[in-house]
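Listed below are the residues making up each chain.
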Amino acid sequence: MGRRGARGRGTLVRPGRHILVTGGAGFIGSHLVDRLLAEGQRVVVVDDLSTGRLENLAAHRREPRLEVKSQRVSACRTLPKLAREARLIFHLAAAVGVELVVREPVRTMETNVLETEALLRAASAARAPVLLASTSEVYGKSRKAYFAEEDDLCIGPPHLGRWAYACSKLMDEFLALGHARQHGLPVIIARLFNTVGPRQTGRYGMVLPRFVQAALEGQPLQVYGSGRQTRCFCHVRDTVEALWRLAHCPAAYGQVVNVGSTREIRILDLARLVKKLCHSESPLVRVPYAQAYAPGFEDMQRRRPQIRRLVRLTGFRPRIPLERAIEELKEERGAARQARG
Ligand code: UDP
């Protein structure tokens, strides 16, 4: 257990050479790697760099405790050995972003299902503890005020592309829990709600980096739909703290756990907040969903986690304010624009 320990005695994390992080060059993955290295761990990253970027790990370029394998999980021939020697595995490799998912459904499903299948098979054979990152998207279009882990899920029909993502991640969850039951795999499923912070790209659809970029460039902030839909944004460092603590909590194994903030904000108000913090004169424009994504696109009007289970297991609740993520993104984008001249 590291210096900022999790609650509870004992741990399923075992002696081993390294912690394996799939998707470790991605937005959340790279913040997790920062944290693991800061904890003194050796880390092996497997990432095919399809949406992740080596730049995200640039701060560790000369770090001897970090090894990066730029390949797909399923193509990694040393995966069984990496799993055998792992103290713990964080499986974050996945297709991300609503826009990418709508545009490339086959890639989304294949990445999410086949890569996870390969990872779980290796982890099961090695009996390596796994924390699998899932998503709040699996709750689908449930209209509940809070989503709790044991709720029924309400996923839309297959002719609407968005739901391919939810189904593929749900398949991952079933597969992981299946390995737990059938093969005794110690596995935790963390359902991540909207996560924000530095290094997040707007390229695949995420709202906050897009708004910040537009505000800094004096471009319109495009608010999809009515803008009255709400989301709860969790700072990525809080997400990482939650994942680290969960992984060290024996009672979390075999469970699904929501990870997210409970502060709810309307997307229209988010746009206004970004404009204010970026001192921007950008206009806000409303864009119909059909134009933003595809005809018939269905959006969730609310998406708020119940985090009782996370708090009970780890004693932790997210606390970094949304404003901090906006400020950090603003600074990062400002520095990048300056570097480009
Ligand atoms: N959204 C928006 N403008 C954008 C991108 C997204 O208004 O440029 C909206 C989107 O329709 C959704 C919310 O912001 O209601 C959050 O979108 P994101 O893709 O970040 O996450 P998710 O839909 O997965 O919660």
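What counts and how
- Residues numbered from 1 in each chain as written.
- Predicted model: local features only at pLDDT ≥ 70, side-chain atom pairs only at ≥ 80, totals over all residues.
- Heavy atoms only, no water.
- pLDDT = per-residue confidence, 0-100.
- Contact = heavy atoms within 4.5 Å.
- Buried < 20%, exposed > 50% of the residue type's maximum accessible area, 1.4 Å probe, protein only.
- Helix = DSSP H or I, 4+ residues; strand = E, 2+ residues; numbered from the N terminus.
- Pairing = 2+ DSSP bridges.
- Right-handed = clockwise from strand over helix to strand, strands pointing away.
- Core = buried A, V, L, I, M, F, W, Y, C linked by side-chain atoms within 4.5 Å.
- Phe/Tyr/Trp six-rings, centres within 6.5 Å; stacked < 30°, edge-to-face > 60°.
- Lys NZ or Arg CZ within 6 Å of the ring centre and 35° of its normal.
- Near = heavy atom within 4 Å.
- Polar contact = N/O pair within 3.5 Å; in protein donor to acceptor, adjacent residues only side chain to side chain.
- Areas by Shrake-Rupley, 256 points an atom, 1.4 Å probe, with all protein chains shown as cover.
- Nonpolar A, V, L, I, M, F, W, Y, C, P; charged D, E, K, R; others polar.
- Disulfide = S-S within 2.5 Å.
- Axes fitted to C-alpha atoms, helices over the stretch in contact; angles between N-to-C directions.
- Parallel < 35°, antiparallel > 145°, perpendicular 65-115°, else oblique.
- Left-handed = near helix turned anticlockwise from the far one by under 90°.

### Overview of the confidence of the model for the protein
Piece 1. Residues at a pLDDT of 70 or more form 97% of the protein, whose mean pLDDT is 93.
Piece 2. Taken as a whole, residues 1–8 scores under 50 in pLDDT and shows 19 contacts with residues more than four places along the chain or in a different chain.

### Remarks on helix 6 (residues 207–217)
Piece 1. Within the span of helix 6, buried status applies to Leu-208, Pro-209, Phe-211, Val-212, Ala-214 and Ala-215.
Piece 2. Those residues of helix 6 that are buried are in contact with strand 7 (195–196), strand 8 (221–224), helix 8 (267–277) and helix 11 (322–340).

### Some thoughts on the pairing of strand 5 (residues 130–135)
Piece 1. Extensive coverage of strand 5 is indicated by the burial of 6 of its 6 residues.
Piece 2. What you see with strand 5 is no split at all: Val-130, Leu-132 and Ser-134 on one side and Leu-131, Ala-133 and Thr-135 on the other are buried throughout.
Piece 3. Looking at chain direction, strand 4 (residues 86–91) and strand 5 are connected through 3 bridges and run parallel. For His-91, the partnering residue across the bridge sits in strand 5 and is Leu-132.
Piece 4. Sheet analysis places strand 5 next to strand 6 (residues 187–192), joined by 6 bridges and oriented parallel. Pairing of Thr-135 across the sheet is with Leu-192, part of strand 6.
Piece 5. In this view, the connection linking strand 5 to its parallel neighbour strand 6 by way of helix 5 (residues 162–183) has right-handed handedness.

### Observations regarding the nonpolar core
Soluble globular proteins tend to bury their nonpolar side chains together.
Piece 1. Core analysis: the biggest nonpolar cluster contains 38 residues, and Val-21, Phe-90 and Leu-246 have the highest contact counts within it.
Piece 2. Considering each element in turn, this core owes the most residues, 7 residues, to helix 7 (residues 236–247).
Piece 3. Membership of the second largest hydrophobic core comes to 26 residues, among which are Val-46, Leu-82, Ala-86 and Ala-180.

### Some thoughts on the packing of aromatic side chains
Piece 1. A full pass over the atoms with the stated rule returns 5 aromatic pairs.
Piece 2. Consider the rings of Tyr-224 and Tyr-293, whose centres lie 5.3 Å apart with planes at 85°: the pair is edge-to-face. With Tyr-224 in strand 8 and Tyr-293 in the loop between helix 9 (289–292) and helix 10 (308–314), the pair connects residues that are 69 residues apart, well separated along the chain.
Piece 3. Judged by its relative accessible area of 13%, Tyr-224 is buried.
Piece 4. By relative accessible area, Tyr-293 is classed as partly exposed at 21%.
Piece 5. Pairwise contacts between aromatic rings join Tyr-224, Tyr-289, Tyr-293 and Phe-297 into one cluster.
Piece 6. The ring of Tyr-139 has Arg-191 sitting right over it, with the charged end atom 4.8 Å from the ring centre.

### Some thoughts on the site of the ligand
Piece 1. The environment of the ligand is made up of 19 residues, and the closest members are Gln-222, Tyr-224, Arg-231, Asp-299 and Arg-303.
Piece 2. Contact distances for the ligand include 2.8 Å between an oxygen atom and a backbone N or O atom of Tyr-224.
Piece 3. Notes on the ligand: free accessible area 520 Å², of which the protein chains cover 94%.
Piece 4. For the shell around the ligand, the secondary-structure elements that each account for two or more residues are helix 6 and strand 8.
Piece 5. Here the shell around the ligand is built from residues that sort into 9 nonpolar, 4 polar and 6 charged.

### Brief notes about the state of the cysteines
Piece 1. Considering all chains together, one arrives at 0 disulfides under this definition.
Piece 2. Looking at the unpaired Cys-154, the closest cysteine sulfur is the one in Cys-167, lying at 12 Å.

### Quick look at the sheet that holds strand 2 (residues 43–46)
Piece 1. Read across the open sheet, the 7 strands follow the order 3-2-1-4-5-6-11; overall the sheet is parallel. Each having just a single partner strand, strand 3 (66–69) and strand 11 (256–259) make up the two edges of the open sheet. Going across the sheet, the axis of each strand differs from the next one's by a mean of 20°, ignoring polarity.
Piece 2. Sheet strands touched by helix 5: strand 5, strand 6 and strand 11. Its angle to strand 5, the strand with the most contacts, is close to 155°.

### Points about the packing of helix 6 against helix 11
Piece 1. The contact between helix 6 and helix 11 brings their axes to 10 Å, and the two run at 55°. Viewed along their axes, helix 6 and helix 11 adopt a mutual orientation that is oblique. For the crossing formed where helix 6 meets helix 11, the hand is right-handed. Taking contact as the criterion, the partners of Leu-208, Pro-209, Val-212, Gln-213, Leu-216 and Glu-217 in helix 6 are, on helix 11, Leu-322, Ala-325, Ile-326, Leu-329, Lys-330, Arg-333, Gly-334 and Arg-337.

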